[in-house]
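# Per-entry structural report
Spelled out, the chains give:
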Amino acid sequence: MTLDSIDSLVDDLTTLELIAPQYQEKLRNLVEQRADPHRLCKALIKRDLLTPFQANLLLKGRGEELRRGNYILLERLGEGGMGQVFKARQVEQNRLVALKTLRADRVENPMAMKRFRREMRVATDLSHPNLITLYEAEIDHCFLTMEYLQGRDLARIVQEDGPLPVELACEHIRQAALGLQYAHENGLIHRDIKPHNLFLTLEDEIKILDLGLAKLLEDEEGSHITCLTQEGVVVGTVDYLAPEQARAAKHADGRSDLYSLGCTFYHLLAGRPPFVGDSALDKLLKHQEEHPEPLEKIRPDVPRSVAAIVRRLMTKNPDERCQSGAELVGWLTS
């Protein structure tokens, strides 16, 4: 159903509070000058009072989709396996946030719902400069809100700019290691560390994104929250997946995250993931049995000490690997 009445459009704009109170007078003036919804939307977009994303839904008669509780959706930022991410405005606080929703076709999936609820429960307790901050979780409405970040993820940076300078790659990995150390100390394993989930802000700060695949460790008393390992597939991303995690996700621990961080480190320096394969299974087998092409052959400017750190992170046996984020920070700063 399309919107063909300017009165209906103004009603949506007002009822949904899409136009902030301080701009209501400007809205009234624009309404008097425009004879149809399309022209009014164009005028509002031109004055930054409405986004193209909002106008599109409004004109389709789907304005109600723009309101999620105390949040107004501004634009779609992306989509993943669990749902969509939007840039939104929190009405009462008048601040920008990133709002993550659960896909409608997964609401009836008990495993997906458990994973989503667990993500919200875990993430609300975490606060660290190198982890994205969660503001609020609306379990009943299947969305959570977090800080809105400006910048690029490391996968996009490498894709657009090429392999990173060695010192810069080391600094990004150092910050990620600090975030992982904090997460691990608080009983959380990420299980999907990759360049796409490391975000570089405009302030040159690395933020670890997407805790949706996190596993809670057992606490000191031995009690634990049920580990959700898979939905018929391997949990994680095959280009960066630790061998033990591929064999059985329940065996993943903090050292598995560090293996993935090592693969990410390799990607930042080489410009590609450590293993190339024709299929996901091919890559998984290479993680189990092979070693990647030495970084020194791809990048002669990579110091032996840095290449050695990457190899140590990607050791097949977790016991021979870097054992903590703090240990990795020590290696990178020594």
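Our subject is the structure that appears above.
The sections below set out a description of the structure shown in this document. (Residues numbered from 1 in each chain as written. Predicted model: local features only at pLDDT ≥ 70, side-chain atom pairs only at ≥ 80, totals over all residues. Heavy atoms only, no water.)

## Let's talk about the pattern of salt bridges
The line we're drawing: A pair is scored as a salt bridge if a Lys or Arg side-chain nitrogen falls within 4 Å of a carboxyl oxygen belonging to Asp or Glu. Here's how the labels work: a residue is buried when its accessible area is under 20% of the maximum for its type, exposed when over 50%, partly exposed in between, all with a 1.4 Å probe on protein chains only. What counts as a helix is a DSSP run of H or I of at least four residues, what counts as a strand is a run of E of at least two, and both are numbered from the N terminus.
Evaluated as defined, the whole model comprises 20 salt bridges. A salt bridge links Arg152 to Glu160; its shortest N-O distance comes to 2.6 Å. Since its relative accessible area comes to 25%, Arg152 is described here as partly exposed. Of the charged contacts in the structure, one is a salt bridge between Asp319 and Arg255, with a shortest N-O distance of 2.7 Å. Taken as a pair, Asp319 in the loop between α12 (304-313) and α13 (325-333) and Arg255 in helix α9 (residues 254-270) lie far apart in primary sequence, 64 residues in all. By relative accessible area, which is 57% here, Asp319 ends up exposed. On the basis of relative accessible area, Arg255 is assigned to the buried category, the value being 18%. Linked through salt bridges whose partners overlap, the residues forming this network are Arg152, Arg156, Glu160 and Asp161.

## Describing unusual backbone geometry
Despite not being glycine, Glu17 shows a phi value in the positive range, around 60°. Inspection of the secondary structure assignment puts Glu17 in the loop between α1 (6-15) and α2 (24-33). Since its relative accessible area comes to 39%, Glu17 is described here as partly exposed. The backbone of Asp204 shows a phi angle near 60°, a positive value even though the residue is not glycine. Among the structural elements, Asp204 can be located in the loop between β9 (198-201) and β10 (206-208).

## A few points about the layout of surface pockets
Leftover empty space is mapped by rolling, across the atoms, a probe with the size of a water molecule. Put simply, the rule reads: Put simply, the grid is 1 Å and covers the protein atoms alone, a cavity is a trapped set of points that fit a 1.4 Å probe, a pocket is an open set with protein on both sides within 12 Å along at least five of seven lines, and lining residues have an atom within 4 Å of a point. Grid points are joined across faces, edges and corners, and a volume is the space filled by probe spheres set on the points. Amino acids are sorted into nonpolar (Ala, Val, Leu, Ile, Met, Phe, Trp, Tyr, Cys and Pro), charged (Asp, Glu, Lys and Arg) and polar (every other residue, Gly among them).
Estimated volume of the second largest pocket: approximately 340 Å³. Lining the second largest pocket are 18 residues, with Asp48, Leu49, Leu50, Leu74 and Arg89 sitting closest to its centre. Counting only elements with at least two residues in the lining of the second largest pocket, the list comes to α4 (52-59), β2 (71-79) and β3 (84-90). Of the residues in the lining of the second largest pocket, the class split is 10 nonpolar, 4 polar and 4 charged.

## Things to note about the sheet that holds strand β6 (residues 143-147)
Heads up, the rule is: By the convention used here, strands pair only if DSSP detects at least 2 bridges between them.
Ordered by their spatial adjacency, 6 strands build an open sheet running β1-β2-β3-β4-β6-β5, and the pairing between neighbours is antiparallel. Unpaired on one side and paired on the other, β1 (67-68) and β5 (134-138) mark the two borders of the sheet.

## Some words on the pairing of β5
Where β5 lies against β6, 4 bridges are found, and the strand directions are antiparallel. Note on β6: the bridge partner recorded for Leu134 is Met146. Hairpin connection, β5 to β6: the antiparallel pair is bridged by 4 residues, and Cys142 has positive phi, about 55°.

## Some words on the nonpolar core
Nonpolar side chains in soluble globular proteins tend to end up buried together. This is how it is decided: Joining through side-chain atoms within 4.5 Å is the link that ties buried Ala, Val, Leu, Ile, Met, Phe, Trp, Tyr and Cys residues into a set, and such a set is a nonpolar core. Contacts: residue pairs with any heavy atoms within 4.5 Å of one another.
If you look at the biggest cluster of nonpolar residues, it comprises 57 residues, and the most contacted ones within it are Leu261, Phe265, Leu269 and Leu328. Non-local contacts of Leu328, meaning those with residues more than four positions away in its chain, are made with Ile173, Ala177, Leu258, Leu261, Ile309, Leu313 and Cys322. Core analysis: the second largest hydrophobic core is formed by 29 residues, Leu9, Leu13, Leu73 and Val91 among them.

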